[in-house]
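Take a look at the letters that make up each chain.
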Amino acid sequence: MRAFIFPGQGSQTVGMGQALSAASAVAREVFQEVDEALGQHLSRLMAEGPADELMLTENAQPAIMANAIATLRVLEREGGIRLADKAGFVAGHSLGEYTALCAAGALGLAETAKLLRTRGQAMQAAVPVGEGAMAALLGLDFEAARQIAADSAEGEVCEAANDNAPGQVVISGSRAAVERAVELAKVRGGKRAMLLPVSAPFHCSLMEPAARAMEKALAGADLRAPLVPVYANVTAAPVADPAAIRTLLVEQVTGTVRWRESVEAMFAAGVTEFVEFGGKVLGPMVKRITPDATPVSVVTMDDIEALAKSL
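Described below are features of the structure shown in this document.

Quick look at the layout of surface pockets now. Counted as a void, the largest pocket has a volume near 680 Å³. Lining the largest pocket are 30 residues, with Gln9, Gly10, Asn162, Leu196 and Val198 positioned closest to its centre. In terms of residue count, strand β3 (residues 132–138) provides more of the lining of the largest pocket than any other element does, three residues in total. Its residues assigned to classes, the lining of the largest pocket shows 15 nonpolar, 14 polar and one charged. Reported here for the second largest pocket is a volume of approximately 200 Å³. Forming the boundary of the second largest pocket are 16 residues, of which Met16, Gly17, Asn67, Val299 and Thr300 lie nearest the centre. For the lining of the second largest pocket, the element with the highest residue contribution is helix α1 (residues 18–23), accounting for three residues.

In this section: the sheet that holds strand β10 (residues 294–298). Read from one edge to the other, the open sheet built from six strands follows the order β8-β7-β2-β1-β9-β10, with strand pairing classed as mixed. The open sheet has two edge strands with one neighbour each: β8 (238–239) and β10. In terms of strand pairing, strand β2 (residues 89–92) meets strand β7 (residues 230–231) through two bridges, oriented parallel. The residue bridging Ala91 from the neighbouring strand is Tyr231, located in β7. Contacts between helix α13 (residues 259–268) and the sheet are confined to β1 (2–6), β2, β7 and β9 (273–277), with β2 contributing the most and set at about 170° to the helix. Contacting β9 and β10, helix α15 (residues 301–310) crosses the sheet at an angle of about 135° to β10.

Parameters at a glance
- Residues numbered from 1 in each chain as written.
- Predicted model: local features only at pLDDT ≥ 70, side-chain atom pairs only at ≥ 80, totals over all residues.
- Heavy atoms only, no water.
- 1 Å grid on protein atoms, 1.4 Å probe; cavity = no way out; pocket = protein on both sides within 12 Å on 5 of 7 lines; lining within 4 Å.
- Points joined across faces, edges and corners; volume = space filled by probe spheres on them.
- Helix = DSSP H or I, 4+ residues; strand = E, 2+ residues; numbered from the N terminus.
- Nonpolar A, V, L, I, M, F, W, Y, C, P; charged D, E, K, R; others polar.
- Pairing = 2+ DSSP bridges.
- Contact = heavy atoms within 4.5 Å.
- Axes fitted to C-alpha atoms, helices over the stretch in contact; angles between N-to-C directions.

Next up, the structure:
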């Protein structure tokens, strides 16, 4: 069995989608639809930068989604592939969950772009710049990292944000508390602990205002049952009911991204190949989580053609 997976924030780079757009009218259609939905030349920003503007959460989130969906659509239309025939599940890391829902037909492309623009703006506005932080704790299991976060809080917020892979946990919260956790992790046997260059403390309770904003936005969204089940970040379990998906997307804003458990659960359900669209971020995580699984990254036209032949 195969799962199609989609990357989260941090996979954006200036030049993304440019070669694909030049090679395929299908990709150009995707980028044009997103540009029109947002009333912005996002595709130009993706292709030409500047990098600091592309890095802004409100731009990065729809850009990463658009790039991944363009890659998938080229495979589907030019390769004659139907997602429902070739994938048993879809999943995405953080914002990638929205991409997964779009890929599986639960959300339209234009609506996905608008939701991610709202999500990015709401997440950025939830905490004043400089008051929050995130850090990667390497070489510690999830429970040890979670305990370090709890012990470092001291009345502030410090929580496990991303359980990415064995020995790779990201924490999030108030800057001072996260800084304390970085030092404590070094004392408690972590291989490395470092602050991350992010603009806000994602996936922690400080994001509650953003969760409320997304609750309102998702209430009005045309959300349908996906063609195949989606593994939800906050439960690490498959979901197909639109009402449940809506609830889980709201919870995802403040909840832990349980990526390690999601991959383990998909592997246990019979998935042996994980195909990542639009990035090369999740593949290495998959290999660390489930060494017996095969990760495939699809970014270029050559990648798409090779995958179409193998499916």
